[in-house]
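Here is how the chains run, residue by residue.
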Amino acid sequence: MSADLSSDLETALLACATGDRNGLRRIYDSEAGRLVAVAQRILRRHDLAEEVVQEAFLRIWTHAHQYRPGRGSARGWIYAIVRNRALNMLRDGKREDIVAEDRLDALQEAGQMDEIMAAWQKLDRDTRLRECLGGLEEVRRRSILMAYVGGFTHGEIAGRLKIPLGTAKSWIRRGLSSLRECLA
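Residues numbered from 1 in each chain as written. Predicted model: local features only at pLDDT ≥ 70, side-chain atom pairs only at ≥ 80, totals over all residues. Heavy atoms only, no water.

A.B. asks: I would appreciate a short explanation of the overall build of the protein in the present structure.
C.D. replies: Counting its secondary structure elements, the protein contains nine helices and zero strands. By residue count, 32% of the 184 residues in the protein fall in the buried class. The long-range share in the protein, meaning contacts at least 24 apart out of those at least 6 apart in sequence, stands at 58%. Working note: accessible area of the protein is about 11,500 Å², and carbon and sulfur atoms make up 49% of it. (Helix = DSSP H or I, 4+ residues; strand = E, 2+ residues; numbered from the N terminus. Buried < 20%, exposed > 50% of the residue type's maximum accessible area, 1.4 Å probe, protein only. Contact = heavy atoms within 4.5 Å. Areas by Shrake-Rupley, 256 points an atom, 1.4 Å probe, with all protein chains shown as cover.)

A.B. asks: I tried to follow the nonpolar core on my own but got confused; where do I start?
C.D. replies: The nonpolar side chains of a soluble globular protein tend to be buried, and buried together. Among the nonpolar cores identified, the biggest contains 27 residues, and L13, I27 and I78 are the most heavily contacted of them. Broken down by secondary-structure element, the contributors of at least two residues to this core are α1 (3-17), α2 (21-43), α3 (46-63) and α4 (74-92). If we skip the residues at most four places from it in the chain, I78 touches L9, L13, I27, L35 and I60. Counting residues in hydrophobic clusters, the runner-up holds 16 residues, among them I116, I144, M146 and L179. (Core = buried A, V, L, I, M, F, W, Y, C linked by side-chain atoms within 4.5 Å.)

A.B. asks: Is there a simple way to explain α2 in this structure?
C.D. replies: Working note: α-helix, 3.6 residues per turn, so residues spaced by three or four point in the same direction. Taking 1.5 Å of rise per residue, the 23 residues of α2 would be expected to cover 33 Å, yet its terminal C-alpha atoms sit only 29 Å apart, more than 12% below that figure. Maximum bend of α2: about 60°, positioned at E31. The opening residue of α2 is D20, an N-cap whose side-chain oxygen sits 2.9 Å from the backbone nitrogen of N22. A positive backbone phi angle near 65° is found at R44, which sits one or two residues after α2. (Expected span 1.5 Å × (residues − 1). Bend = angle between axes of the 7 residues up to and from the residue. Polar contact = N/O pair within 3.5 Å; in protein donor to acceptor, adjacent residues only side chain to side chain.)

A.B. asks: In this structure, what is going on with the pattern of salt bridges? I would like to understand it.
C.D. replies: Close approach of charged atoms allows side chains of opposite charge to pair. Counting across every chain of the model gives eight salt bridges. For D47, the salt bridge is made with R45, and the minimal N-O distance between the two is 2.7 Å. Here R128 ties to E131 by a salt bridge, and the two come within 2.8 Å at their closest N and O atoms. In this pair, R128 and E131 both sit in helix α6 (residues 128-134), three residues apart, roughly one turn of the helix. Judged by its relative accessible area of 41%, R128 is partly exposed. One network of salt bridges, with partners in common, ties together E31, R34 and R75. (Salt bridge = Lys/Arg side-chain N within 4 Å of Asp/Glu carboxyl O.)

A.B. asks: Would you explain unusual backbone geometry in this entry?
C.D. replies: The general pattern is negative phi for most residues beyond glycine and trans for most peptide bonds. Phi is positive for R44, which is not a glycine, with a value near 65°. Structurally, R44 can be placed in the loop between α2 and α3. With a phi angle near 55°, K162 is a residue other than glycine that sits in the positive phi range. Its location among the elements puts K162 in the loop between α8 (154-161) and α9 (165-183). A relative accessible area of 73% places K162 in the exposed class.

A.B. asks: Before we go on, may I ask you to explain the packing of helix α7 (residues 138-148) against α8 in this structure?
C.D. replies: A packed helix pair is summarised by two numbers, namely the angle formed by the two axes and the spacing between the axes. The geometry of α7 relative to α8 is characterised by a closest axis approach of 10 Å and an angle of 135° between their N-to-C directions. Taken together, α7 and α8 sit at an angle that is classed as oblique. Relative to α8, the crossing made by α7 is right-handed. Residues R142, S143, M146 and A147 of α7 pack against I157, R160 and L161 of α8. (Axes fitted to C-alpha atoms, helices over the stretch in contact; angles between N-to-C directions. Parallel < 35°, antiparallel > 145°, perpendicular 65-115°, else oblique. Left-handed = near helix turned anticlockwise from the far one by under 90°.)

A.B. asks: Looking at this structure, I do not really get the state of the cysteines. What am I missing?
C.D. replies: Scanning all chains against the criterion turns up one disulfide. One disulfide bridge connects C132 with C182, the sulfur atoms lying 1.9 Å from each other. A torsion of -80° about the S-S bond marks the disulfide between C132 and C182 as left-handed. Taken together, the positions of C132 in helix α6 and C182 in helix α9 put the pair 50 residues apart, joining distant regions of the chain. Relative accessible area serves as the criterion here: at 23%, C182 is assigned to the partly exposed category. (Disulfide = S-S within 2.5 Å.)

Worth remembering: the numbers are spatial, not functional.
Below is the structure:
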């Protein structure tokens, strides 16, 4: 983390402590996305992560006067609030799912794959790209779509398809080569 960002967050927290709403806006603009990601890793649900971050920003606003620069970084203080809120939500258990966790992961995974494959289906039927993608083997098409539509890394693709990393890389490389030839 750069010293400028650390200094900016500290300044923004001190502004919050004096009632300056722009301080809270600066914190939100620079950190909200990462805070949601942290909460989501703990809670495994995006909707609950957003709720936790909203509660955390209320706490940041109302308790900014308690931040002490000499006791730690502003960023650490902010992230600790989000982490503690997320852990409290887990402990409360009031938002437990009826669906078992492993089943929920499978449902989310299936939903992601449906969205990725739907992107291919949404291509205009007369486009060359759709024709070329349709000419690929299913596993190569799926791995290319996972990488370029879903944004998955090679490692994530290998994990989701339960194949070795080298195989995933080969499928993507060969699939892209076939696409280039077909589109040329």
